[in-house]
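Chain by chain, the residues:
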Amino acid sequence: MLILTRKKGQSIVIADDIVVTVIEASGDQVRIGVDAPRHIAVHREEVYSQISKENEAARAPDAADLVKPSGATPASLPKRPPRPAS
Amino acid sequence: MHVETTRFGTIEARPEDLVVFPDGIPGFAGKREMLVMAGGDLLGLENEADHPTLFWLQDVADPDLAFLTAVPWSAYPDYDIDADLDDDVFGESEPDDICVLVIVTVRRDGEQALLTTNLRAPVVIDQSRRVGKQIILEEGDWPVRAPLAETKPDESASIEAS
């Protein structure tokens, strides 16, 4: 792993278009700003990991007996999902 | 085209039944193609034939990979995603074409099944352009395991919306 020391306000550049900046550091907390193109997804590691694990738990659900595809025929999605009346 | 599935046998699908996930979904990296099928009846969730609230997303390449998904608003009327969709996937999408589904997790304990849904990471689909992405909401406090339904211990086939 590449380890760099940065001061508040300083940045590192990843590839051509990703800039990670230390906004603030106090105690054991660091605020970090990430400037990246829209197609680069940036997430807190623990959140991404939690979603991955939940997807793993949800894959191949043991529910084919509970929820059968209606006639096993593909259906189109509702064009506009029902929203709460406001 | 034919889609082989371990749960539902072989399904005849039209190209317009498929949704491409260019980024894959977390835990299942790489471009994925999913067949969308309306789910059948899940008692208590008002899954009427004309307005289904449950959908299966069946991976085209992996017969065993399928996700059960739900339209979130039937169980959570206040659900709202305040996410910026203007990225490479949805950059050219019309707002009216955007559909939102949430992935359902089924946990079995003997005869009982507990269904939860992931409101933190909804699956957003452009119905017209047939592209989708699971987005992770950084704002809001939506749970990863929101209760959806639970089977009664004495009636394993019956589901009650919670």
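Residues numbered from 1 in each chain as written. Chains lettered and ligands numbered in written order. Predicted model: local features only at pLDDT ≥ 70, side-chain atom pairs only at ≥ 80, totals over all residues.

What about the overall build of chain A?
Applicable threshold: The numbering of helices and of strands both runs from the N terminus, where a helix is a DSSP run of H or I of at least 4 residues and a strand a run of E of at least 2. Exposure is read from a count of other C-beta atoms within 10 Å of each residue's own; the residue is exposed at 12 or fewer, buried at 20 or more and partly exposed in between. C-beta atoms are placed from the backbone. Note on contacts: residues are paired as contacts if their backbone-placed C-beta atoms lie within 7 Å.
Scanning chain A for helices and strands turns up 1 helix and 4 strands. Classification of the 86 residues of chain A by burial places 12% in the buried group. For chain A, the proportion of contacts with a sequence separation of at least 24, taken over those separated by at least 6, is 0%.

Some thoughts on the sheet that holds strand 2 (residues 18-26) of chain A
Residues and elements named next belong to chain A. Keep this limit in mind: DSSP-based pairing: two strands are paired if at least 2 bridges between them are found. Only the stretch in contact is used when a helix axis is fitted, and all axes are lines through C-alpha atoms; the angle between N-to-C directions ranges over 0 to 180 degrees.
Spatial strand order, 1-2-3: 3 strands in an open sheet with antiparallel pairing. Sheet topology places strand 1 (11-14) and strand 3 (29-35) at the edges, where each strand pairs with a single neighbour. Taking the axes of each pair of neighbouring strands and ignoring which way they run, one obtains an average angle of 25° across the sheet. Judged from the 7 bridges that link them, strand 2 and strand 3 form a sheet pairing that is antiparallel. Looking at the pairing, Val22 lines up with Ile32 of strand 3.

Remarks on the confidence of the model for chain A
Here is the rule: Values of pLDDT, ranging from 0 to 100, describe the predictor's confidence in every residue of the model.
The pLDDT averaged across chain A works out to 82; a share of 73% of its residues lies at or above 70. Strand 1 of chain A holds the highest mean pLDDT among the elements of chain A, 97, whereas strand 4 (residues 69-74) of chain A holds the lowest, 53.

Thoughts on helix 1 (residues 45-58) of chain A
Convention followed: Multiplying one less than the number of residues by 1.5 Å gives the expected span of a helix. This arc corresponds to the set of directions leading from the helix axis out to the C-beta atoms.
With 14 residues, helix 1 of chain A extends 20 Å from end C-alpha to end C-alpha; this agrees with the ideal 20 Å at 1.5 Å per step. When helix 1 of chain A is considered as a whole, its buried residues turn out to be Ile51, Glu54 and Ala58 of chain A. Axial view of helix 1 of chain A: buried residues confined to an arc of 65°, hence all on one face. Exposed positions of helix 1 of chain A whose direction lies more than 90 degrees from the buried face are Glu45 and Glu46 of chain A. Contacts from the buried residues of helix 1 of chain A go to strand 6 (66-70) and strand 7 (98-109) of chain B. Immediately beyond the C-terminal end of helix 1 of chain A, within one or two residues, lies Ala60 of chain A, with a positive phi of roughly 45°.

Some points on the pairing of strand 10 (residues 131-134) of chain B
Residues and elements named next belong to chain B. In terms of strand pairing, strand 9 (residues 123-126) meets strand 10 through 4 bridges, oriented antiparallel. Considered in strand 10, the bridge of Val124 is made with Lys133. What sits between strand 9 and strand 10 in their antiparallel hairpin is a turn of 4 residues, with Arg130 showing a positive phi close to 55°.

A few points about the nonpolar core
Residue and element names in this part refer to chain B. Cut-off, in case you're wondering: Structurally, a nonpolar core is described as a collection of buried Ala, Val, Leu, Ile, Met, Phe, Trp, Tyr and Cys residues joined by way of C-beta atoms within 7 Å.
Formed by 38 residues in total, the largest nonpolar core has its most connected members in Phe55, Ala70, Leu101 and Val104. Among the secondary structure elements, those contributing two or more residues to this core are strand 3 (18-21), strand 4 (32-39), strand 5 (54-59), strand 6, strand 7, strand 8 (112-117), strand 9 and strand 11 (146-152). At 7 residues, strand 7 tops the list of elements feeding residues into this core. Discounting residues that sit within four places of it in the chain, Leu101 has contacts with Phe55, Thr69, Ala70, Val71, Pro122, Val123 and Ile125.

What to know about the environment of Tyr76 of chain B
Residues and elements named next belong to chain B. Of note, Tyr76 is situated in the loop between strand 6 and strand 7. We classify Tyr76 as partly exposed; it has 18 C-beta atoms within 10 Å. Here the alpha-carbon distance between Tyr76 and Thr105, two residues 29 residues apart in the chain, equals 16 Å. The contact partners of Tyr76, leaving out residues within four places of it in the chain, are Leu119 and Ala146.

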